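Take a look at the letters that make up each chain.
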Amino acid sequence: MGTRPLLNRRLQGLGTTIFAEMSALATATGSINLGQGFPDTDGPREIAEAAARAVLTGQGNQYPPGPGIPELRQAVAEHQQRFHGLAYDPDTEVLVTAGATEAIAAALLALLEPGDEVIALEPFYDSYAACVAMAGAIRVPLTLRAPAFRPDLDELRSLITPRTRLLLLNTPHNPTGTVLTPEELTAIAALAVEHDLLVVADEVYEHLVFNGVHHPIAALPGMRERTVSISSAGKTFSFTGWKVGWVTASAPLVAAVRTAKQYLTYVSAGPFQYAVAEALRLPDEYFAGFRADLLRKRDLLADGLEAAGFQVFRPEGTYFITSDITPLGEKDGLEFCRSLPARCGVVAIPNVVFYDNTEAGRSLVRFTFCKRDDVLTEAVSRLRRL
Ligand SMILES: *Cc1c(COP(=O)(O)O)cnc(C)c1O
């Protein structure tokens, strides 16, 4: 095969995701897996039944329409109006994707030229680095630093160059739990307008904000025509395996993203699209109940981690807690996470893998709390043995 590496240069260094390593470790050691963020309880029964009914009655078993079934595009548009006061045309301004993951990939592949710079909040969700790399673009981190994990807006201004094309935002932010405030979003939007930048906003935790509400940057002046908003059914409805996501944006942006999307998967998850259309129309009590449930779990785990000696950064949103292991006499999160299953039967994720500036994340460790109360209680009692 010669000496040329098989993996192309763009993808070198991306290796296996940390989730694969840590989930394998959880299985091998029989540990409680608070690493990967998937719920251990499925979403609403009636939504699961809607999916089963769709399969059995032949709805979506054959290729659905490329942009997504009309029922789901309509439901996404209604949801954006109902929760955020944003109006989108379901025919031209909504695109259904294979989860938020495909939406992010398609947006970056469609909107970036090789050599373009993308400024993203660091720590990054793990697919961002890979997708920016696949697009041949360059990622530029805006580091959220402990203990507050707020974006430094002067630093953001200083990172913008003539090559900057796009801001990649994630709010509520995984893994820090930061929820960008209206003031922060207004300042970021002003920079985007001033420098004519596109914004890709990953909002998959839009329904998990614990003190206030989620503010979409697309709602701010000058932002609608430059923002690709992305969300997904996985987190909001506890069906992460269904992989139904969507994009809302102006018609020209949706057309651009659709061009890439149609050659990635073409379409996906036909019957699940019918079920998610129903899910998006669930009454307000569903969304409020989901948030209240996760808030209680947040405090259960946060209190437990504090009692076990971690420094806890109580998240404003998402279902993750970032903690610092320094008070436990530890320094290296990666080493700590690799040894934790053997030491006490719990799996966590070292935040350092989400950083380019690894110093900023070295002693930070992420736990998820989207697990049953008895599982969280047992995890906390195991961690107290540390
Ligand atoms: C889980 C997650 C995604 C992926 O969503 P899917 O719909 O499962 O593809 C994207 N972004 C963030 C920040 C996430 O936490």
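Please read these numbers as outputs of a predicted model, since none were measured by experiment.

This brings us to the sheet that holds strand β12 (residues 349–350). Strand pairs in the sheet, formed through backbone hydrogen bonds, run parallel or antiparallel to each other. One open sheet holds the 4 strands; their spatial order is β9-β10-β13-β12, and the pairing between them is antiparallel. The two strands at the open ends of the sheet, each matched to only one other strand, are β9 (311–313) and β12. Relative to strand β10 (residues 320–324), β9 runs antiparallel, the two sharing 3 bridges. Its bridge partner being in β10, Phe-313 is matched across the sheet by Thr-322. Where helix α12 (residues 333–344) meets the sheet, it contacts β12 and β13 (364–368), and its direction lies at approximately 45° from that of β13.

Another aspect to go through is the nonpolar core. One finds Val-228 and Phe-367 to be the most contacted residues of the largest nonpolar core, which totals 97 residues. Ranked by the residues each element gives to this core, the list is headed by helix α4 (residues 99–111), at 8 residues. Not counting chain neighbours up to four residues away, the residues in contact with Phe-367 comprise Leu-34, Leu-301, Leu-305, Phe-310, Tyr-319, Phe-320, Ile-321, Ser-323, Leu-340, Val-346, Ala-348 and Leu-383. Counting 26 residues, the second-largest nonpolar core is a separate cluster that includes Val-140, Ala-189, Ile-217 and Met-223.

With that settled, consider the side chain of Lys-235. Checked against the element boundaries, Lys-235 lands in helix α8 (residues 233–237). Look at Lys-235: it is buried, it has no salt bridge, and the nearest opposite charge is Asp-202 at 7.2 Å. Looking at Lys-235, its side chain comes within polar contact range of the side chain of Tyr-205, at 3.2 Å. Sequence-distant contacts of Lys-235, that is, excluding residues within four places in its chain, are made with Gly-37, Val-204, Tyr-205, Thr-240, Phe-290 and Tyr-319.

A few words on the UniProt feature "domain: Aminotransferase class I/classII large" (unreviewed entry) in the protein chain. Feature annotation in UniProt places "domain: Aminotransferase class I/classII large" (unreviewed entry) on residues 32–383, given in this structure's numbering. Overall, residues 32–383 shows 41% helix and 17% strand. The separation of its end C-alpha atoms is 11 Å.

Take the side chain of Glu-117 next. Relative to the helices and strands, Glu-117 is located in strand β3 (residues 117–122). The class of Glu-117 is buried, set by a relative accessible area of 9%. Polar side-chain contacts of Glu-117 include one of 3.0 Å to the side chain of Thr-161. With sequence-adjacent residues up to four places away left out, Glu-117 is seen in contact with Ile-138, Val-140, Thr-161, Arg-163, Thr-164, Arg-165 and Leu-166.

This part covers the sheet that holds strand β2 (residues 94–98). Spatial strand order, β2-β8-β7-β6-β5-β3-β4: 7 strands in an open sheet with mixed pairing. Either end of the sheet is taken by a strand with one partner, and the two such strands are β2 and β4 (138–143). The mean inter-strand angle of the sheet, taken between neighbouring strand axes irrespective of direction, is 25°. As defined by bridge partners, β2 adjoins strand β8 (residues 244–248) across 5 bridges and the pair is classed as antiparallel.

Take the site of the ligand next. What surrounds the ligand is the set Gly-99, Ala-100, Thr-101, Tyr-125, Asn-170, Asn-174, Asp-202, Val-204, Tyr-205, Ser-232, Lys-235 and Lys-243. A distance of 2.6 Å separates a nitrogen atom of the ligand from a polar atom in the side chain of Asp-202. Interatomic distance of 3.1 Å between a side-chain N/O atom of Lys-235 and an oxygen atom of the ligand. Ranked by residues supplied to the shell around the ligand, first place goes to α4 with 3 residues.

With an omega of 0°, the peptide bond between Ala-146 and Pro-147 qualifies as cis. Along the chain, Pro-147 turns up in the loop between β4 and α6 (153–159). Cis geometry is found at the peptide bond from Thr-171 to Pro-172, where omega equals -15°. When you line up the elements, Pro-172 lands in the loop between β5 (164–170) and α7 (182–194).

With respect to the helices and strands, the residue Glu-21 is situated in helix α1 (residues 18–29). Judged by relative accessible area, which is 32%, Glu-21 ranks as partly exposed. A C-alpha to C-alpha distance of 9.8 Å links Glu-21 and Ile-349, two positions 328 residues apart in sequence. Polar contacts involving the side chain of Glu-21 include one to the side chain of Arg-338, which spans 2.7 Å.

As enumerated under the stated definition, the model contains 17 aromatic pairs in all. Both rings, one in Tyr-286 and one in Phe-287, keep their centres 5.3 Å apart while their planes meet at 80°; by these two values the pair is edge-to-face. By relative accessible area, Tyr-286 is classed as buried at 18%. For Phe-287, a relative accessible area of 2% corresponds to the buried category. The interplanar angle of 90° and the centroid separation of 5.5 Å between the aromatic rings of Phe-310 and Phe-367 together place this pair among those described as edge-to-face. Taken together, the residues span a long stretch of sequence, with Phe-310 in the loop between α11 (284–307) and β9 and Phe-367 in strand β13 at a distance of 57 residues. An identical accessibility class is assigned to Phe-310 and Phe-367; each is buried. What links up through ring pairs into an aromatic cluster is the set Phe-83, Phe-237, Tyr-286, Phe-287 and Phe-290. Stacked on the ring of Phe-320, the Lys or Arg Arg-366 has its end atom at 3.6 Å from the ring centre. Above the plane of the ring of Phe-38 lies Lys-371, whose end atom (NZ or CZ) is 3.7 Å from the centre.

Reading the values: rules and limits
Residues numbered from 1 in each chain as written. Predicted model: local features only at pLDDT ≥ 70, side-chain atom pairs only at ≥ 80, totals over all residues. Heavy atoms only, no water. Pairing = 2+ DSSP bridges. Helix = DSSP H or I, 4+ residues; strand = E, 2+ residues; numbered from the N terminus. Contact = heavy atoms within 4.5 Å. Axes fitted to C-alpha atoms, helices over the stretch in contact; angles between N-to-C directions. Core = buried A, V, L, I, M, F, W, Y, C linked by side-chain atoms within 4.5 Å. Buried < 20%, exposed > 50% of the residue type's maximum accessible area, 1.4 Å probe, protein only. Lys, Arg positive; Asp, Glu negative; His and termini not counted. Salt bridge = Lys/Arg side-chain N within 4 Å of Asp/Glu carboxyl O. Polar contact = N/O pair within 3.5 Å; in protein donor to acceptor, adjacent residues only side chain to side chain. UniProt positions renumbered as here; feature names shortened; annotations may be inferred. Near = heavy atom within 4 Å. Phe/Tyr/Trp six-rings, centres within 6.5 Å; stacked < 30°, edge-to-face > 60°. Lys NZ or Arg CZ within 6 Å of the ring centre and 35° of its normal.

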